[in-house]
Structures are given as C-alpha cells and as structure tokens.
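Letter by letter, the chains look like this.
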Amino acid sequence: MPLFPTDYQPDFSRRDPAPGVDEFFAQRWSPRAFRKVAIPAETLTAIIDAARWAPSCFNEQPWLIMTAATAEDFALYHSLLNEKNQPWAVNASVLGFMVARRHFAHNGKPNRWAAFDTGSAWMSLTLQARKFGLYTHGMGGIDFPEIYRQLAIPEETYEVICGFAIGVIDRPEVLPTEDLRDREFPSERHPLAEMWRIGYFRK
Ligand SMILES: Cc1cc2nc3c(=O)[nH]c(=O)nc-3n(C[C@H](O)[C@H](O)[C@H](O)COP(=O)(O)O)c2cc1C
C-alpha cells in the first residue's frame, strides 16, 4: 500500500523521452493541485536527507534547506510567497526555501557554484519525494527581501535561491481558478537537439 495513495493518473502523452530514459525522470512534474495531508516526520527527514548526498564543488555542501510543516511556520512561509503562488501552495503539506552559502568555507572566496550545487540538492530532494509518491513544485515567485528579514537569514553570508512546496497530488478540479486548472498537466520540452551540442557550439 503506498504511503500517499491516489487514483489520479496525470496525462504524460505530451512528453517524448528518448528510448531508454527511465520513466522516473519524464514522469516527474510540478503539479499545483495538492490535497492537504500531513507528511510523517521520518518521511520528511528522508526527503531532506536525500539532498545531503548531492555532489558539490569541493564537497562544500553549500545548501541550506528551510522547511515549514507546523501550522504556524506554514502560515509564515505561505505569506512569503507571491500572490500567484499562494492560492495553490496553501494546500501543500510542506513549504520550504532553498538557501546557498555564498562563500567557500575552506578559503572564504566566493563560491560561483553554490546555486548550481543547491539546485542539485533540490533535485535529489525532489526525486526522493517522488519515491514516496509525493511531488515538489519549485517557486521563484517569492518575496526575497521579506524572507531574509522575517526568517532572520544573514544576507551577506547566504543567498535565498527559491521556494518549494512538497505535497500529495490531487485532481486539477480542486484548483481555485480556471487558469490554474487549464495549466495542470505535465509540460512538454524543447527537442533534444536544442539542448545538446556535439563538439563546437557553432561551426
Ligand atoms: C527555480 C524554479 C522556480 C519556479 N518558479 C515557479 C513559480 O514561482 N510558480 C510556479 O507556479 N511554478 C514555478 N516553477 C515550476 C516550473 O514552471 C516548472 O518546473 C516548469 O514549467 C517545468 O514543468 P515540470 O516541473 O512540471 O516538468 C519553478 C521551477 C523552478 C525549478
């Protein structure tokens, strides 16, 4: 019995992974329709811990993951999302922010790979969530100045990268607006040839 059962089957027919791509990758997507379900503490711990195993430049592990699962923390984090994300993200189980340490711990120099490494950590977290039958949704639409201020993040040391929601998927019909319902499907991708150069960028 899955931890978070659902009978909803998203339509992946717009997606065309090359033969051999594990469906785990092409069937990850970012829904907005969530059903409010509490995620057990050990499940959330495993999801966050998966991020710890991401690769990083000099193994600096520059990521910091902030999460809100209690009602009080959730309300605060929710207030830090922009007005387009608030209506759907309210039904997520957990809200969070990905933060990156700006400088290398080993020599104090700026770490130009910190955001890249933090993105790797987020993808690990996302894929571990999928293993539990949960979904994540990244959010760039967040109130950066207020996040630094209200969550007491020292801006000279840490950079807020993005927000995210973790939740249990629900049917598109539960979304509050037609615009959101119309966009609730696994999106397409550019053709492989657009993102792959063999040899030179241009001949
Ligand atoms: C860093 C980042 C920021 C994003 N910001 C938002 C956002 O503010 N609101 C939103 O609804 N979706 C947001 N998304 C979700 C993307 O739109 C989504 O990942 C993209 O369209 C690809 O779709 P898929 O994740 O369903 O495959 C964001 C995703 C990422 C990775």
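Look above for the structure.
Residues numbered from 1 in each chain as written. Predicted model: local features only at pLDDT ≥ 70, side-chain atom pairs only at ≥ 80, totals over all residues.

Novice: What should I look at first to understand the site of the ligand in this one?
Specialist: The environment of the ligand is formed by W29, S30, N85, H137, G138, M139, G140, G141, C162, P186 and S187. Per element, the largest residue contribution to the shell around the ligand is 3 residues, and it comes from strand β4 (residues 135-139). Classifying every residue of the shell around the ligand gives 4 nonpolar, 7 polar and no charged. (Near = placed C-beta within 6 Å. Helix = DSSP H or I, 4+ residues; strand = E, 2+ residues; numbered from the N terminus. Nonpolar A, V, L, I, M, F, W, Y, C, P; charged D, E, K, R; others polar.)

Novice: Teacher, can you tell me more about the nonpolar core here?
Specialist: Buried together is how nonpolar side chains tend to be arranged in soluble globular proteins. A92, M98, A165 and I166 are the most contacted members of the largest nonpolar core, which totals 34 residues. Taken together, the elements giving at least two residues each to this core come down to α2 (41-52), α4 (86-89), β3 (94-101), α5 (114-131), β4 and β5 (158-169). Setting aside residues up to four positions removed in sequence, A92 forms contacts with F34, A165, I166 and G167. (Core = buried A, V, L, I, M, F, W, Y, C linked by C-beta atoms within 7 Å. Buried ≥ 20, exposed ≤ 12 C-beta atoms within 10 Å, placed from the backbone. Contact = placed C-beta atoms within 7 Å.)

Novice: Honestly, the environment of T136 in this entry has me stumped. Any pointers?
Specialist: Along the polypeptide, T136 turns up in strand β4. For T136, a count of 25 C-beta atoms within 10 Å translates into the label buried. Sequence separation between T136 and T126 is 10 residues, and the spatial gap between their C-alpha atoms is 5.8 Å. Setting aside anything within four residues of it in sequence, one finds T136 in contact with S30, L125, T126, A129, F164, A165 and I166.

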